[in-house]
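# Structural description and commentary
Residue strings, one per chain:
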Amino acid sequence: MEHFLGGMALLLDPYILWVVFAGTVIGIVVGALPGISGSTTTALLLPFTITMGPIPALAFLGSIYCAANFGGSITAILVNSPGDPSASATAFDGYPMAQRGEAGRALGMSAVASAIGGIFSVIVLIVAAPLLARVAYSFGPPEYFALAVFGLSMVAMTGGDSSIKNLIAGAFGVLLATVGQDLTTGVERYTFGIHSFSDGIEFIPVLIGLFALAELFEQAAQLGERTVAAKLGAVRLPSWQDIKDCSKAIGLSSALGTFIGILPALGATTAAMIAYVETKRWSKNKAQFGKGAIEGVAGPEAANNAAVGGAMVPTLALGIPGSTTTAIILAGLIVQGVRPGPHLFTEQPLLLYAVFSSMLLANLLYLVLGLGFAKVFARISMVPAPYLWPAVFVLSVIGAYAPNQAMAEVWVAIAFGGIGFFMKRYGFSPAPLVIGLVLGKMVEETLKQSLLIFDLSWGGFLGRPIALTLFGLTVLFLLGPSLLQRLRGKP
Amino acid sequence: MTPTRAAAAAVVAIAVALFAATFWFEQMPEGITRGFGAELFPRMVLGAIAALAVLLAIMPASSPPLPRIPPMVWYSGASLLAFMALVPVIGMLPAMFVFLVGVGWMWGERRRLLLVVSSVGLTLAIWAVFVKGFGIQLPKGLFA
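Quick summary incoming for the structure in this document. If you're wondering where the values come from, they're calculated on a predicted model, not measured in any experiment.

Right, let's talk about the interface of chain A and chain B for a bit. Contacts between the two partners involve 45 residues from chain A, matched on the other side by 51 residues from chain B. For the side of chain A that touches chain B, the elements supplying multiple residues, two or more each, are helix H8 (163–176), helix H9 (203–221), helix H16 (385–401), helix H17 (407–425) and helix H18 (430–453) of chain A. Its residues placed into classes, the side of chain A that touches chain B shows 33 nonpolar, 6 polar and 6 charged.

In structure tokens, the structure reads:
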């Protein structure tokens, strides 16, 4: 409790307050820009947090993460083009509402449901993360190896539609983490004589390339596609009747979103889609869904914001990213010299509780900003592509160059921009690659340590019940869906 | 060949090439590697990648032919490379200005004044924040 109060007290620091405010505004604005997701923004702004120090940097990135999901709903409702993938389900009913002149009511409900979902999940985060960390505190290398493999297996459900392609991308991420000197032997791997690769591939240019520059190529491919914006009208608080009608949807979706967010590698987009289906299933107005049902906006919005806090649970407690954006935040922690995992709760509790309290504040801030300035944010979302994307490139260049002041990093970012574009073209999502890259070192190190403990015998894992359980879950998650499909296909 | 099979073939080819590259890793004595040489883990991962790619190729899946990549993607890629070539010659900030105007024009913006003014504004903002604010030294080019 004292650490939590300490974290809350940090919010009285004007600098932290400013950082959270700036992160929330940036999160809403970029979340509202079609094509720029929360992951792209955190990747793009990650280099600029290096000079901030760990607490403000995490508060900044956490605020962006919270606010970007809400920002995505603005364009989903107004132009039927989700600013963030997690707002895709919001467009199903939000846009029809906007078309019949109820954009303000839809945006109001989106802000309220997002804030409730977000705050609910941060409360769960505050309670669950230390408990999970306490469990994980007794973990040794074999358990961590099993946990990292479990986290990697979850990438099968991240990003693209094909689980095999997702796993391949995740494995390439792990492989990318092996570039540079092997820690045990000092042998250089895949450096190809390039000196700057000796310390490994830097996270920042890879992230900027995969998210920001690959998207620039995507946008170049879609030039000329036009969207029609619906009239916004007045943004207002939903009526009590609206809130009453949606309370079940918001409650159910907040719980669902938090749970889905906690599962490693599953993020806000999955949470929103599942919440939409479940909200419809439990609704009395099923026939209205797809035609402008306000519950169809409330459910996914509560869920995608609840997934944010949920995704932070394994990220902070175990060092296993709960989503693509948390993988980038995890990379940010590593860049700051902070090693994520259960020991953070004993070594740097103030850092964690500062993150929790700044996320709480960000959720309240975007409720106020969303209701008060949605018209302004909606206008910003209409920035034409010929201005927006060249500016994104210029910021990407600065972002890749600034940390080491090296043009080689800009080349890496451009190369990964091309790789990311071709990956997407062939159905490989870059998200699993990032998760693999972040987890790669942990997988290799813990495997080596485990095998040393077991005298190089793989059978040693059989004597570790927690590791065995995690391996069992991995197999279940990998093979379960296809086995189930087969069973259903053969009556 | 379907795009999925083409992608699977490319993945196998990359995996084989990277597997072959592990044979050029420096060899260390057993006392240092303790049974886990630097090449072992990459080989395990590459084996998994190759197996998954084979699975991808043999799995039945609908894979319609991909549309052609629009020329604008190639032009935009070329602009990025042109920017990189310009940086050592005229410096990063002027190259950014040229890029902002050039790509904005290429992507269809015809309001010249607005394009130039916004590009100057963004370039100046970058100079103020990063050069003056953060003290980052940007490449200055041949004429500085």
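From this point on, the discussion continues.
All names here are of chain A. With 15 residues, helix H11 (residues 268–282) extends 21 Å between its outermost C-alpha atoms, agreeing within 8% with the 21 Å of an ideal straight helix rising 1.5 Å per residue. Taken together, the buried positions of H11 are occupied by Ala268, Thr269, Thr270, Ala271, Ala272, Ile274, Ala275, Tyr276, Thr279 and Lys280. Along its buried surface, H11 packs onto helix H4 (54–79), helix H5 (88–99), helix H10 (240–262) and helix H12 (295–318).

The next thing to look at is the packing of H17 of chain A against helix H4 (residues 71–90) of chain B. Interhelical geometry of H17 of chain A versus H4 of chain B gives an angle of 175° and a closest axis separation of 11 Å. On the basis of the axis angle, H17 of chain A is roughly antiparallel to H4 of chain B. Contacts between H17 of chain A and H4 of chain B involve Met407, Val410, Trp411, Ile414 and Gly418 of chain A from the former and Gly77, Leu80, Met84 and Val87 of chain B from the latter. Split into classes, the residues belonging to the contact of H17 of chain A with H4 of chain B amount to 7 nonpolar, 2 polar and no charged.

Our next topic: unusual backbone geometry. Excluding glycine, most residues fall at negative phi; most peptide bonds, likewise, are trans. Residue and element names in this part refer to chain A. Of note, the phi angle at phenylalanine 192 is positive, near 50°, even though the residue is not glycine. Within the fold, phenylalanine 192 resides in the loop between strand S2 (188–189) and H9. Non-glycine residue aspartate 455 carries a positive phi angle of around 60°. Residue aspartate 455 is classed as exposed on the basis of its C-beta count, with 9 C-beta atoms lying within 10 Å.

A few words now on the environment of phenylalanine 19 of chain B. Residue and element names in this part refer to chain B. By the secondary structure assignment, phenylalanine 19 is in helix H1 (residues 3–21). Residue classification places phenylalanine 19 among the partly exposed residues on the basis of 17 C-beta atoms within 10 Å. Those residues within four positions of phenylalanine 19 in sequence are excluded, and the remaining contacts are Arg43 and Leu46.

Cut-off values and rules
- Residues numbered from 1 in each chain as written.
- Chains lettered and ligands numbered in written order.
- Predicted model: local features only at pLDDT ≥ 70, side-chain atom pairs only at ≥ 80, totals over all residues.
- Contact = placed C-beta atoms within 7 Å.
- Helix = DSSP H or I, 4+ residues; strand = E, 2+ residues; numbered from the N terminus.
- Nonpolar A, V, L, I, M, F, W, Y, C, P; charged D, E, K, R; others polar.
- Expected span 1.5 Å × (residues − 1).
- Buried ≥ 20, exposed ≤ 12 C-beta atoms within 10 Å, placed from the backbone.
- Axes fitted to C-alpha atoms, helices over the stretch in contact; angles between N-to-C directions.
- Parallel < 35°, antiparallel > 145°, perpendicular 65-115°, else oblique.

These figures come from the coordinates and say nothing about function on their own.
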